[in-house]
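Structure at a glance
Take a look at the letters that make up each chain.
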2 protein chains.
Amino acid sequence: MAVYTEVGDDELEAFLAGYDLGRLMSYKGIAEGVENSNFLLQTDTGSYILTLYEKRTRPEDLPFFLGLMDHLAAKGFPCPTPIHDRAGRALGRLAGRPAAIVSFLNGVWPRRIQSFHTAQLGEAMARMHQAGASFGQRRANDLGLARWRPLFAEIGQRADGIAPGLAALIGRELDALDAEWPQGLPTGVIHADLFPDNVFFIGEKFSGIIDYYFACTDAYAYELAICLNAWCFEADCSFNITKARLMFAGYQKVRPLEEAELAALTRLARGAAMRFLLTRLYDWFNHPEGAQVTRKDPREYLAKLRFHQGLASAASYGLDLG
Amino acid sequence: MAVYTEVGDDELEAFLAGYDLGRLMSYKGIAEGVENSNFLLQTDTGSYILTLYEKRTRPEDLPFFLGLMDHLAAKGFPCPTPIHDRAGRALGRLAGRPAAIVSFLNGVWPRRIQSFHTAQLGEAMARMHQAGASFGQRRANDLGLARWRPLFAEIGQRADGIAPGLAALIGRELDALDAEWPQGLPTGVIHADLFPDNVFFIGEKFSGIIDYYFACTDAYAYELAICLNAWCFEADCSFNITKARLMFAGYQKVRPLEEAELAALTRLARGAAMRFLLTRLYDWFNHPEGAQVTRKDPREYLAKLRFHQGLASAASYGLDLG
């Protein structure tokens, strides 16, 4: 669940006095998300989300995240809009934590992915990439290629407890990715955590994307690779080529992929699988005692990595390589 | 936290199709409450609370609880109103659980109690008692006097691990309460769990009472005794006579207490302290492994019990006994 910090009504009222949001009618902690504490606020002017940033979010990154949401919203992309206080600040402090209020985004995230979801995801992702292209700030991907070896070093041979031979497999794959990692692809702001729980729909229609707290500057096609893993496999880890084809088609309606991006996709997909395999392994072995968060099974991402390792080209994702 | 059961978007949409609530715009699990799973729903007609009843709520009691909320709301008392489906039912089934939707009640529960809270609590409580007087159903208090000995039997000598001599103290006090428990007091529907987190305010004004899942037929003055313990002691367990006096004054503006009720108050307050001392002890020793609920310290209620044991009359609560 996602309320690590309790907020008193007195201190919340005092915090809200700095904003033009009207009178506080209700606030309730939300049992979703794993990194920060989130509250749904209702005032007589509408609904808002209050986020208290906990220790896994670095305070120095917050101006990038909030600035990005400001930028995307100004470009008309449906995302939470940071609410600025009377002094113009999007970032404040509440209950000893950095805190921000954003507009409430309507929508429901899909628990069971259907093809119409991935088609619209692809199109929305491309629109987000286009809207973010003119954003002036940069932020390195601190969970990118350069971070994978140090992460693996902290996991080490314990990986074999999850699946026999896993440590050796990761070592070989990291060597291969280091040697073959694509360079010079079109780059800009990516969300970098575009899992189903961050993408909202109303009925069967895309309504917006939330949670920009992993956003960074990286290859656009790497975002597609992350989504290939997160949206186009079934619960048994079988690959659904229809969902993938529709996702790519939706994306390319807005922004056609370059030849170099198509050629890089299987490697990017292996890298994207490696990133989540490693962070899930790390979280598995560093699960805090009594944590109110369910651990995610790393083997899901091992299966996805193996799938991509066996492919000759992006044609296996349903793409027409011409 | 309070989401024990996950609800899929598909099954929620199917469930909502039986109601006239409009289109689902959002639903989020709420990290409050300890007994049931609660979700805040937003549709294009407004905000609602969806509750899935978990195993500690007995399904056979649900018609009483929901019927009571229907009755109080119809009498104009501010409480969540059960939403009936197109077939007229307030109680449905979702994700394998009994489930109900109620209207969303605006307000914030007070984290730090001030005197104006207890004054309004008293008045609201009396109005609730009056509004409930014409409710046709009855439900015995299954956490009343008759249940305390069996509860204590399940705790036994382990109580001494919480405070030396506690088991003997409880045994003696149960003997005394059995001998002296007041009979024949004015009786009707009481909430029976009127703690601050169930009473809402907007700014400094009372806005409503939620969570009727302990409601039962019992002495009205016993409700006042529960609130005396829950609202009129400071964090260090010192008694705040100003808060108590204002609570009783607020109550008596609407419903003056009878002489027998005034005479019974210290015994009722001891009983109310015993009830929460015993359930907190029980929960302390029966805390499920990995439960996402914080245990409450039973010693708080031991201190309150001892306070009431030392009193000669309800004059110590700031009441004028004439």
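Residues numbered from 1 in each chain as written. Chains lettered and ligands numbered in written order. Predicted model: local features only at pLDDT ≥ 70, side-chain atom pairs only at ≥ 80, totals over all residues.

Quick look at the relation of the copies chain B and chain A now. Overlaying chain B on chain A yields an RMSD of 0.0 Å, the required transformation being a rotation through 180° with an accompanying axial translation of 0.1 Å. Interpreted geometrically, this transformation is the action of a two-fold axis. (Least-squares fit on C-alpha atoms with pLDDT ≥ 70 in both.)

All names here are of chain A. Counting buried residues in strand 1 (residues 24–29) gives five out of six residues, a clear majority hidden from the surface. As paired elements, strand 1 and strand 2 (residues 37–43) share five bridges and run antiparallel to each other. By the bridge assignment, Lys-28 is partnered in strand 2 with Leu-40. (Buried ≥ 20, exposed ≤ 12 C-beta atoms within 10 Å, placed from the backbone. Helix = DSSP H or I, 4+ residues; strand = E, 2+ residues; numbered from the N terminus. Pairing = 2+ DSSP bridges.)

Taken together, the 26 residues of chain B in the interface contact 26 residues of chain A. For the side of chain B that touches chain A, the secondary structure elements donating two or more residues are helix 1 (9–16) and strand 1 (24–29) of chain B. Ranked by residue count, the leading element in the side of chain B that touches chain A is strand 1 of chain B, at six residues. When its residues are assigned to classes, the side of chain B that touches chain A shows twelve nonpolar, seven polar and seven charged. (Contact = placed C-beta atoms within 7 Å. Nonpolar A, V, L, I, M, F, W, Y, C, P; charged D, E, K, R; others polar.)

Looking now at unusual backbone geometry. Although it is not a glycine, Asp211(A) sits at a positive phi angle of roughly 65°. We classify Asp211(A) as buried; it has 22 C-beta atoms within 10 Å. Even without being a glycine, Ala95(B) presents a positive backbone phi close to 55°. In this fold, Ala95(B) is placed in the loop between strand 4 (92–94) and strand 5 (97–103). What makes Ala95(B) partly exposed here is the crowd of 14 C-beta atoms within 10 Å.

All names here are of chain A. In spatial order, the strands read 1-2-3-5-4; together these five strands make up an open sheet with antiparallel pairing. One side of each edge strand has no neighbouring strand; the edge strands of this open sheet are strand 1 and strand 4 (92–94). Ignoring strand direction, the axes of neighbouring strands in this sheet form an average angle of 35°. Both strand 3 (residues 46–52) and strand 5 (residues 97–103) contribute to a ladder of five bridges, which runs antiparallel. (Axes fitted to C-alpha atoms, helices over the stretch in contact; angles between N-to-C directions.)

Moving on to the packing of helix 6 (residues 220–231) of chain A against helix 8 (residues 259–285) of chain A. All names here are of chain A. The interhelical angle for the contact between helix 6 and helix 8, taken along N-to-C directions, is 60°, at an axis separation of 8 Å. Judged by the angle between their axes, helix 6 and helix 8 are oblique. Remark: the crossing between helix 6 and helix 8 carries right-handed chirality. On the side of helix 6, the interface is formed by Ala-221, Tyr-222, Ala-225, Ile-226, Leu-228 and Asn-229, while helix 8 contributes Glu-261, Ala-264, Leu-265, Leu-268, Ala-269, Gly-271, Ala-272, Ala-273 and Phe-276. Here the residues of the contact of helix 6 with helix 8 are counted per class, giving twelve nonpolar, two polar and one charged. (Parallel < 35°, antiparallel > 145°, perpendicular 65-115°, else oblique. Left-handed = near helix turned anticlockwise from the far one by under 90°.)

Below, the discussion takes up the sheet that holds strand 2 (residues 37–43) of chain B. All names here are of chain B. On the basis of which strands lie adjacent, the open sheet formed by five strands has the order 1-2-3-5-4 and antiparallel pairing. Edge strands, defined here as strands with exactly one partner in the open sheet, are strand 1 and strand 4. Averaged over all neighbouring strand pairs, the angle between strand axes comes to 35°, with direction disregarded. Here strand 4 runs beside strand 5; their pairing, made up of three bridges, is antiparallel. Paired with Arg-93 across the strands is Pro-98, a residue of strand 5. Here helix 1 sits on the sheet and contacts strand 1 and strand 4; the angle it forms with strand 1, its principal contact strand, is near 120°.

Glancing now at the domain arrangement of chain A. It is common to give the size of an interface as the accessible area that goes away when the parts come together. All names here are of chain A. Split by domain assignment, chain A resolves into domain 1 (9–103) and domain 2 (115–317). Averaged C-alpha coordinates put domain 1 and domain 2 at centres separated by 27 Å. Contacts between domain 1 and domain 2 engage 16 residues on the former and 16 residues on the latter. Tallied by class, the residues present in the side of domain 1 that touches domain 2 amount to ten nonpolar, three polar and three charged. (Domains from an automatic or database assignment.)

What follows concerns helix 2 (residues 62–74) of chain B. Residue and element names in this part refer to chain B. Given a rise of 1.5 Å per residue, 13 residues ought to cover 18 Å, and the 18 Å separating the end C-alpha atoms of helix 2 matches this to within 8%. Burial in helix 2 covers these residues: Phe-64, Phe-65, Leu-66, Leu-68, Met-69 and Leu-72. Here the buried face of helix 2 lies against strand 5, helix 3 (115–132) and strand 6 (187–190). (Expected span 1.5 Å × (residues − 1).)

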